[in-house]
Amino acid sequence: MLVFEDGESLSKKANDPKKTIKQILELLSPYKIPLVFVFILAVMSTSFSVIGPRVMGRVTTILVDGVVAHVMGTGLLTDFRQMGFLTGVLITLYIVSALCALAQESIMVRIANNVTYKLRESIAEKMHKLPLNYYDTRTHGEILSRITNDIDTMNNTLGTSLTQLVNSSSTIIGVLIMMLSISPLMTAASLVVIPLSMGIMMAILKRSYVHFGAQQEALGVVTSIAEESYSGHDIVRAYNGEKDAAEKFKEANDTLKASSWKAIFMTSIIEPIFGFVGNMGYVLACVLGGWLVVQRVITIGDVQAFIQYIQTFTQPLGELGAASNQMQGTIAAAERVFEFLNEEEEPLDKPTSLHKEKYDGHVTFKNVRFGYNPDKIIINDFTQAVEAGQTVAIVGPTGAGKTTIVKLLMRFYEINSGNILIDGIDATDMSRKELRDIFGMVLQDTWIYNATIMENIRYGSPHATDEEVISACKAAHCHKFIKTLPGGYSMMLNEEASNISQGQKQLFTIARVILKNPSILILDEATSSIDTRTEILIQQTMQEIMQGRTSFVIAHRLSTIRNADVILVMKDGDIIETGNHDALVAQGGFYADLYNSQFSEGVINEEEIVS
């Protein structure tokens, strides 16, 4: 059995179906008036439809009476005028019933589309309000499954199954009334097995909810594994991981298959059960109806109509069961969607956020303490004052907390205690938007989206002119190769940006930050994906744009930060050494050991590379 990170298996029981149903009803509450029309149209469609067999029975009675009279030698007494009138009425009833059903379906589909449209909008907004640690603890596929598969399931059911529930319920009530009007005795005899079948159906529905929930969970896992395999297919092949990836997918797919089979099986057995009930009803109706006709209690046309009503009665019962089972799948999907929408969001900005027209770039960390969870503190007691215009390099071994510091600086995470001040203003007293407008960030992991090169570089500076974009690209040393690409700046990059190299993507992100011209720069291994010659050129360019502005540089290659004003050496979440390059090397401490270990096999002659 496949088990998730939280240790729960796919067969886990639903959390609170009643609460989920209540939330679905709240989604539908703005459409009360259209839903009332849907109900009225359903009743009208059902009413016109269920009257039909009774009218048809009357036509049959007139015809049979005429034939019997002819056989008895009293002449053909069939009233063809009456039969023609009743036939016209019957056709009219069925036409009006069909028109009502069509109008009902149209309104319900529109309601379903509007509801799911708003749900998708709500999820899109929610995605930007969740803290980063939410995404750190969940796979992309799981989140994408909720946005796509689960909402599609809700859309399909709200547009079809919900209507089917209304239609089937009203049909059952209408048919039952007509059956009772013909013969209460035949009705009681024909429906004597219905309570048993209804009990079986309720038991099936109760069990099927668990399987539908498991199906939706398993679908999310399959989506996640497929997304991971697709995005990392190069790495999978490079490490000969095809077999492991295929086995992992097969395990998840087998789980999906098993849960889907159980859910579908539960749905499929309902119709045969009600088919059996209907057949038993036919037998009883024929036997008892024939006896009542002989006793002249009812007519032969009433028996015909009653048999049609039995068929009409059992069919919506089966449809009601199937629609109810589909609703179980929808409730399971909706539960996952609402669970996402109810996740705890980032703390709201203070209503009176402080604001400055221009920031100099003074940054102060005061006793900053942070951990992704309370049991594992990463930053213990970080205190450091950075003057405006200084270049601050943060170095240290992997896991020391270097990247975490800059993420806290931009409030990607909220600190546990302490303060981070920008020009004397506490970062928590500023809105996140204004805070992040101050910064320009170039990360080791590049982000390019499905748009042109021009649009990608303009991201974050939407009002920049084409000339300003080109100027930024020249400064980032990517203008020349852009001109050689098909379409130049108008070239469309795909979602994975696989039609350009990793180094080119990095140059685009550097051009993006140059275009933004921020007050404070954050460079996290900004040149890690660039060849050595281009890296040195970029370093020279970065030195120019770093002049006069505060810059935080995270680097593993210590040769790139020798000109930094201050170097903070971190280890296990604490600053253990502070100073410039020469002073730290002279100390012969942790930094000196790091630096010497990197250049023990020889130092690159940068002047030779540039020349």
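Note that the structure is a prediction, hence the values are computed from the model and not measured.

Just to check I follow, could you spell out the overall build of the protein for this structure?
In terms of regular secondary structure, the protein is built from 21 helices and 10 strands. Expressed as a percentage of the 611 residues in the protein, the buried residues total 45%. A total accessible area of about 31500 Å² is found for the protein, and carbon and sulfur atoms account for 58% of it.

Hey, could you run me through the pattern of salt bridges in this one?
Should the charged atoms of two oppositely charged side chains come close, the side chains can pair. Within the structure shown, the criterion is met by 9 salt bridges. Taking the shortest distance from any N to any O, the salt bridge between D150 and R336 comes out at 2.7 Å. With D150 in helix α5 (residues 140–182) and R336 in helix α11 (residues 300–341), this residue pair connects regions lying 186 residues apart in the sequence. D150 sits in the buried class, given a relative accessible area of 0%.

Honestly, the confidence of the model for the protein in this entry has me stumped. Any pointers?
Reading predicted coordinates in detail is not appropriate for stretches of low pLDDT. Looking at the protein as a whole, its pLDDT mean stands at 78, while 82% of the residues score no less than 70. By mean pLDDT, the top-scoring element of the protein is strand β4 (residues 417–422) (92), and the lowest-scoring one is helix α21 (residues 606–610) (35). Counting contacts from residues 1–14, a segment whose pLDDT is below 50, to residues more than four positions away or on other chains yields 24 contacts. Low pLDDT (under 50) marks residues 601–611, which in the prediction has 10 contacts with non-local residues, meaning those over four places away or in another chain.

I would appreciate a short explanation of the nonpolar core in the present structure.
The tendency in soluble globular proteins is for nonpolar side chains to be buried side by side. I24, M154, M179, M186, F306 and Y309 are the most contacted members of the largest nonpolar core, which has 46 residues in total. Those elements giving two or more residues to this core turn out to be α1 (17–28), α2 (32–71), α3 (80–127), α5, α10 (270–294) and α11. By residue number, the principal contributor to this core is α11, which donates 15 residues. A464, V469, C478 and I500 belong to the second largest nonpolar core, which has 42 residues in total.

How should helix α15 (residues 466–475) be read in this particular structure?
A turn of α-helix holds 3.6 residues, and therefore any two residues three or four places apart point the same way. All of the buried residues in α15 are V469, A472 and C473. Looking straight down α15, one finds its buried side chains confined to an arc of 100°; they lie on one side. Exposed residues on α15 whose side chains face more than 90 degrees from its buried face are E467 and K474. Each element contacted by the buried residues of α15 is listed here: α14 (453–458), α16 (479–484) and α17 (502–516).

Got a minute to help me understand a nonpolar patch on the surface in this structure?
Taken together, I33, V36, F37, F39, I40, V43 and M44 make up a surface patch of nonpolar side chains, about 650 Å² in accessible area. For I33, the position within the fold is in helix α2. Its relative accessible area of 61% is what places I33 among the exposed residues.

Got a minute to help me understand the pairing of strand β7 (residues 520–524) in this structure?
The element β7 is largely enclosed, with a buried count of 5 among its 5 residues. The two faces of β7 match: I520, I522 and D524 on one face and L521 and L523 on the other face are all buried. Two strands pair when backbone bridges link them, and strand β6 (residues 439–442) and β7 are joined in this way by 4 bridges, in the parallel orientation. Along β7, the bridge assignment pairs G440 with L521. Across 5 bridges, β7 lies against strand β8 (residues 550–554) in parallel orientation. Its bridge partner lying in β8, I520 is registered against T550.

What exactly am I supposed to notice about the packing of aromatic side chains here?
Each aromatic ring pair is summarised here by two numbers: the centre-to-centre distance and the angle between the ring planes. The final tally for this structure, using the stated rule, is 6 aromatic pairs. Between the aromatic rings of F365 and F552, the centroid separation amounts to 6.3 Å while the plane-to-plane angle is 90°, which identifies the pairing as edge-to-face. One end of the pair, F365, is in strand β1 (residues 363–373); the other, F552, is in strand β8, and 187 residues separate them in sequence. With 5.7 Å between their ring centres and 25° between their planes, F481 and F508 make a pair best called stacked. Here the residue F481 occupies a position in helix α16, and F508 occupies one in helix α17, the gap between them amounting to 27 residues. Comparing F481 with F508, the two get one shared label, buried. Through a chain of ring-to-ring contacts, three or more aromatic side chains come together here, namely F365, F382 and F552.

What is the right way to read the side chain of R458 from this model?
Topologically, R458 is positioned in helix α14. Dropping the residues within four chain positions of it, R458 is found in contact with A464, T465, D466, V469 and L515.

Which parts of the structure should I look at to understand empty space enclosed by the protein?
Which parts of space are left empty comes out when a probe the size of a water molecule is rolled across the atoms. Going through the model one piece at a time under the given rule, you end up with 2 cavities of 30 Å³ or more. Roughly 50 Å³ of volume is contained in the second largest cavity. L408, R411, Y413, E414, I415, I420, A427 and T428 are the residues that line the second largest cavity. Within the lining of the second largest cavity, the residues separate by chemical class into 5 nonpolar, 1 polar and 2 charged.

Would you explain the sheet that holds β4 in this entry?
The strands making up a sheet associate through hydrogen bonds between their backbones, and the pairing can be parallel or antiparallel. A sheet is described by the order of its strands in space; here 4 strands give the open sequence β2-β1-β4-β5, paired in antiparallel fashion. The open sheet terminates on both sides in strands that have one partner only, identified here as β2 (376–386) and β5 (425–426). Of the strand pairs in this sheet, β1 and β4 are connected by 5 bridges, and their pairing is antiparallel. Looking at the pairing, F365 lines up with I420 of β4.

Help me understand the environment of F37 in this model?
Along the chain, F37 falls in helix α2. Exposure remark for F37: the relative accessible area of 49% places this residue in the partly exposed category. Along the backbone, F37 and A103 are 66 residues apart, and their C-alpha atoms lie at a distance of 9.4 Å.

Definitions and limits used
- Residues numbered from 1 in each chain as written.
- Predicted model: local features only at pLDDT ≥ 70, side-chain atom pairs only at ≥ 80, totals over all residues.
- Heavy atoms only, no water.
- Helix = DSSP H or I, 4+ residues; strand = E, 2+ residues; numbered from the N terminus.
- Buried < 20%, exposed > 50% of the residue type's maximum accessible area, 1.4 Å probe, protein only.
- Areas by Shrake-Rupley, 256 points an atom, 1.4 Å probe, with all protein chains shown as cover.
- Salt bridge = Lys/Arg side-chain N within 4 Å of Asp/Glu carboxyl O.
- pLDDT = per-residue confidence, 0-100.
- Contact = heavy atoms within 4.5 Å.
- Core = buried A, V, L, I, M, F, W, Y, C linked by side-chain atoms within 4.5 Å.
- Arc of directions from axis to C-beta.
- Patch = residues over 30% accessible without salt bridge, like charges linked within 9 Å, V, L, I, M, F, W, Y side chains within 5 Å.
- Pairing = 2+ DSSP bridges.
- Phe/Tyr/Trp six-rings, centres within 6.5 Å; stacked < 30°, edge-to-face > 60°.
- 1 Å grid on protein atoms, 1.4 Å probe; cavity = no way out; pocket = protein on both sides within 12 Å on 5 of 7 lines; lining within 4 Å.
- Points joined across faces, edges and corners; volume = space filled by probe spheres on them.
- Nonpolar A, V, L, I, M, F, W, Y, C, P; charged D, E, K, R; others polar.

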